[in-house]
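Remarks on the overall topology
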Amino acid sequence: MDAEAGVGGADQLPWRQHYMNLLLLAYQSFGVVYGDLSTSPLYVYKSTFSGRLRRYQDEQTVFGVLSLIFWTFTLIPLLKYVTIVLSADDNGEGGPFALYSLLCRHAKLSFLPNQQSADEELSTYYRNGFTPRHGSLPWLRRFMEKHKNARTVLLLIVLCGASMMIGDGILTPAISVLSSMSGLKVRATGLHDRSVVLLSCIVLVGLFALQHRGTQKVAFMFAPIVVIWLFCIGGIGLYNIIHWNPRIYQALSPYYIVKFFRTTGCEAMFADLGHFTSASVRLAFITIIYPCLILQYMGQAAFLSKNILDMPTGFYDSIPGPIFWPVFVVATLAAVVGSQAVISATFSIVKQCHSLGCFPRVKVVHTSRWIYGQIYIPEINWILMVLCVAVTVAFRDITLIGNAYGVACMTVMFVTTFLMALIMIFVWQKNIIFALSFFLLFGSVEVVYLSSSLMKVTQGGWVPLVLALIFMSVMYIWHYGTRKKYQYDLQNKVSMRYILSLGPSLDVVRVPGIGLIYTELVTGVPNIFTHFTTNLPAFHEVLVFLCVKSVAVPYVSPDERYLVGRIGPRAYRMYRCIVRYGYKDVQRDDDNFENMLVMNIGKFIMMEAEDASSSASYDTANEGRMAVITTSDDYDSPLAVRDSNDLADSMTTRSTKSESLRSLQSSYEQESPNVSRRRRVRFELPEEDDMDQQVKDELSALVDAKHTGVTYVMGHVYIKARKNSSFFKRFAIDVGYSFLRKNCRGPSVTLHIPHISLIEVGMAYQV
C-alpha cells in the first residue's frame, strides 16, 4: 500500500503549527493507512491453529503463539517499517514501484522506455538533492547496469511484489468482511455458513459499487471508526488479561518461542499481522496502533488459554456479553474501512504500473480536485469485485483465505526487504555490511514465515500464486511490447540531415494552423512524419513534436513540466515540446493545454533571441537547445492574452503579461478533472518597437497558426514479431501484446485528444 504523503514545507512553519499538522496527519492515517492492519485480530488465532496445529491446542502453545506474534510484530512493522523503510519513501510515496523508481534514478537499471532527456534536472529527481556516486560497491552497479538479465530479474521481482499487492486487494476484503460477519454465528446459533457467506458477498458488492463516488473524505470519515475500534479491542484485551489469565505477560519472553518451535517443529503458523508497508505515520503506530493491538492479542491469548474449545470464534467469544453487538457493528465497519484502504491502494499501484509503462492503458478517474492520489479505476474495480466475491464463495473459510493472504503478504514483505537492501547500496551509499545485515536480519524472519505459508499452497495458498502469475504476465508482456515498439521508433527515426535537405517547406505544402505530432521520442523526428508526408504531401505551417512523458518521480512541479526546443532552423517553424508528468500526477490535455503550449513556445522564442549563445549556427548533432519553461523565471511572456468574451482588456505591459501567463497556468493546473472548465483566450502580439523583426515574424506566425486551429496527429501502430523470432517473442507480441492493445483504452482517449481534431496514421512495425 502506498505511504501517504506528508505535509510539505514543515520546516518553514512555526513549531506549534508544525506539531498540529503532525497530529492531524497522524489522525488521518488511522482511516487511510491502518484500516486493514487493525482488523487482523479478527482472524489471526483462527488461522494460526488450523491444519496440523490443531493437535497442539493447549495453554503452553497459546503462550508460544502470543510470544511469536509479539516479537514478529515488534521486529517487522515497528523496527523494519516504521524505523527504517519509511525513510526510503519516494517523496512521500511507497510500494515496490516507488522503491524501483528510486533505484532507476540513482542507477541505470530501468528497462522503461522514454527515460532520456534532462530529467536529472528535476528538483525531485534525486532524493533530497542526493546525487549518485559510485558508493561502496561500484562493481555491483556496473554489473547491474551492464547485464540485461540482471535488470530483467530485478524488474520481475518488482512486478511480483506489485502483483502480490494487487492480489492483496482481492484477499483483504474477503477475509476482513467474512471474519467480521462470522460473529453472527456466536449469538445467532441457527445461522448457517451459507447465510454468512451471502451476507459477506452483499457487503462486498456494496463496497465495490460505491468506489466510483471517490474517497476524498476517507481520512476524516473513516478515522473515527478505526480509532473507536482500536480502543474497543484494546480495552477488551485488557479486560480479558485481568479476568482470564493475568500470567499472560510471561508469554512476552522469547523463551516461549523456542519452546513453541521445539514442540511444533516446522508446522509453525503464519501470523497474519496485516499489511505493514502502508504505515506512513510513526506517531500513530507507536502511540495507539501498537499498544492497542498488543493488548488485544494478549487478551485474546489469555481467554484462549482458559477456553481452548472456543478457538474457531475466539475473538467474538472473548467479548463480554453486554457490549457484544456494539463491538460487532464497529468490527463490521472497521472491516469495511480496512477493505476500502486496500482497494484504494490497489488503484494507486495499478496507476503507478501504468505510468511507468508496465500496465495496459485503463481509465483513471480522479475523484478529488484537491487531494493527489484519490483515484478510481472502473475496470480494475469490477475485476477486483468479481474475484473477491469468487474467493469468498469458493472457500467460505477464513482459514483457507488466511493461508492465501499469508503467501501474498509475506512475498510483498520479502520483496520490500530485498529492494531496501539495494536502496541502501545505490541510494543511501551505505556499506555492504550494513545492507547485508538488514537483509539477513529481516529477510531470514520473512523467509521462515513465507516457507511456512508455502507449505499451505494446497490449502488456499495457490490463489495468490495464480493471481500473481496472471498479473505478472500481463504487466511484463505489455512492458515488453511497449519497449520493442519504442526501440523500433528510436532506430528508425528520421535523421536531421534528411530534414535539413528538404528546405524550409519540407518539400510539402505548408497549410495554416498548428500540427501537433505525438511521439514517444524525446530526440529526433519520428518515422510517422515521413509516413504521413509520403501519402499526403501537406503539413501545417507550425509543427510541434509533442512527447507526453512519464518520469519515475511521483510529482513534477508545474514550473518544471515543460521542456521546449527547436528542430531545424528558424524558418522551418518546427518545435519540440516534452511535457513531463510524475506517476502520481493528473494528466490533462484540453484547450487550456493548447494555450499553455503556445505560451511556452512563445516564451522559448523570446528566450532564444535574448540568449547570446543562440546566435551560433544550428547544431545538427544535438538538434537544438532544450529549455525548461517556467512561470517564475526572469523572462516575461512575449504574448498578450485576452479573454475571448471581450470582458477583459488587452494586456500589453510585460508585468501584466507575466501575470496573465501565471493566471493561465493556474487555470490549467487547478482545473477539476471531472468538470470541463476551459478558458477561452485569444493571443495578441504586443506592439514593441525594440523587438527583433525575425522574432516578431515568428511569434506572429505562431499566433496566427493557433487562431487557425490545432490538429493532432498520432500514429496507430500495429506491431508483429519477425518470422525468425523465437516462440516466446512471437507469442508475447503477436498474441499477448496484440490482445492487450486491442482491449485497452486507446492512446488518444487516454490523452483526452478531441476526436474532431485527430488524424491517426496507420503504421505496421516488425520487431
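Residues numbered from 1 in each chain as written. Predicted model: local features only at pLDDT ≥ 70, side-chain atom pairs only at ≥ 80, totals over all residues. Heavy atoms only, no water.

Per an unreviewed UniProt entry, the recorded name for the protein chain is Potassium transporter, and the organism is Oryza glumipatula. Taken from UniProt, the Sequence similarities (unreviewed entry) comment for the protein chain reads in full: "Belongs to the HAK/KUP transporter (TC 2.A.72.3) family." (UniProt positions renumbered as here; feature names shortened; annotations may be inferred.)

What follows deals with the pairing of strand β6 (residues 574-582). Within β6, nine of the nine residues are buried, leaving the element largely enclosed by the surrounding structure. Here β6 shows a buried face lined by M574, R576, I578, R580 and G582 and a second buried face lined by Y575, C577, V579 and Y581. The pairing of strand β4 (residues 538-551) with β6 spans nine bridges and is classified as parallel. The residue of β6 that forms the bridge with L543 is M574. Bridging between strand β5 (residues 562-566) and β6 involves five bridges; their strand directions are antiparallel. The residue bridging Y562 from the neighbouring strand is V579, located in β6. (Buried < 20%, exposed > 50% of the residue type's maximum accessible area, 1.4 Å probe, protein only. Helix = DSSP H or I, 4+ residues; strand = E, 2+ residues; numbered from the N terminus. Pairing = 2+ DSSP bridges.)

Its 34 residues give helix α7 (residues 148-181) an end-to-end C-alpha distance of 50 Å, which sits within 8% of 50 Å, the value for a rise of 1.5 Å per residue. Taken across its 34 residues, α7 has 29 buried, putting it largely inside the fold. (Expected span 1.5 Å × (residues − 1).)

This part covers the packing of aromatic side chains. By convention here, two paired aromatic rings are described through the distance between centres and the angle between planes. Applying the stated rule across the entire model yields 29 aromatic pairs. Between Y255 and Y256, the ring centres sit 5.4 Å apart and the planes meet at 75°, which makes this aromatic pair edge-to-face. Between W325 and F328, the aromatic rings sit 5.7 Å apart at their centres with planes inclined by 85°, giving edge-to-face as the arrangement. Taken together, the positions of W325 and F328, both in helix α14 (residues 324-355) and three residues apart, correspond to about one turn of that helix. Take F328: its relative accessible area is 9%, and that puts it in the buried class. In this structure an aromatic cluster arises from ring pairing among W229, F315, Y316, F324, W325 and F328. (Phe/Tyr/Trp six-rings, centres within 6.5 Å; stacked < 30°, edge-to-face > 60°.)

Running from N to C, α14 and helix α15 (residues 378-395) cross one another at 130°; their axes reach a closest spacing of 10 Å. By the angle between their directions, the pair α14 and α15 is classed as oblique. Relative to α15, α14 is oriented so that their crossing is right-handed. Together, T346, F347 and V350 of α14 and I380, N381 and L384 of α15 make up the contact between the two elements. The class makeup of the residues in the contact of α14 with α15 is four nonpolar, two polar and no charged. (Axes fitted to C-alpha atoms, helices over the stretch in contact; angles between N-to-C directions. Parallel < 35°, antiparallel > 145°, perpendicular 65-115°, else oblique. Left-handed = near helix turned anticlockwise from the far one by under 90°. Contact = heavy atoms within 4.5 Å. Nonpolar A, V, L, I, M, F, W, Y, C, P; charged D, E, K, R; others polar.)

Here we come to the state of the cysteines. Scanning the model with the defined rule gives zero disulfides in all. For the unlinked cysteine C353, the closest cysteine sulfur is that of C358, found at 6.4 Å. Taking the relative accessible area as the measure of exposure, C358 reaches 0% and is therefore buried. (Disulfide = S-S within 2.5 Å.)

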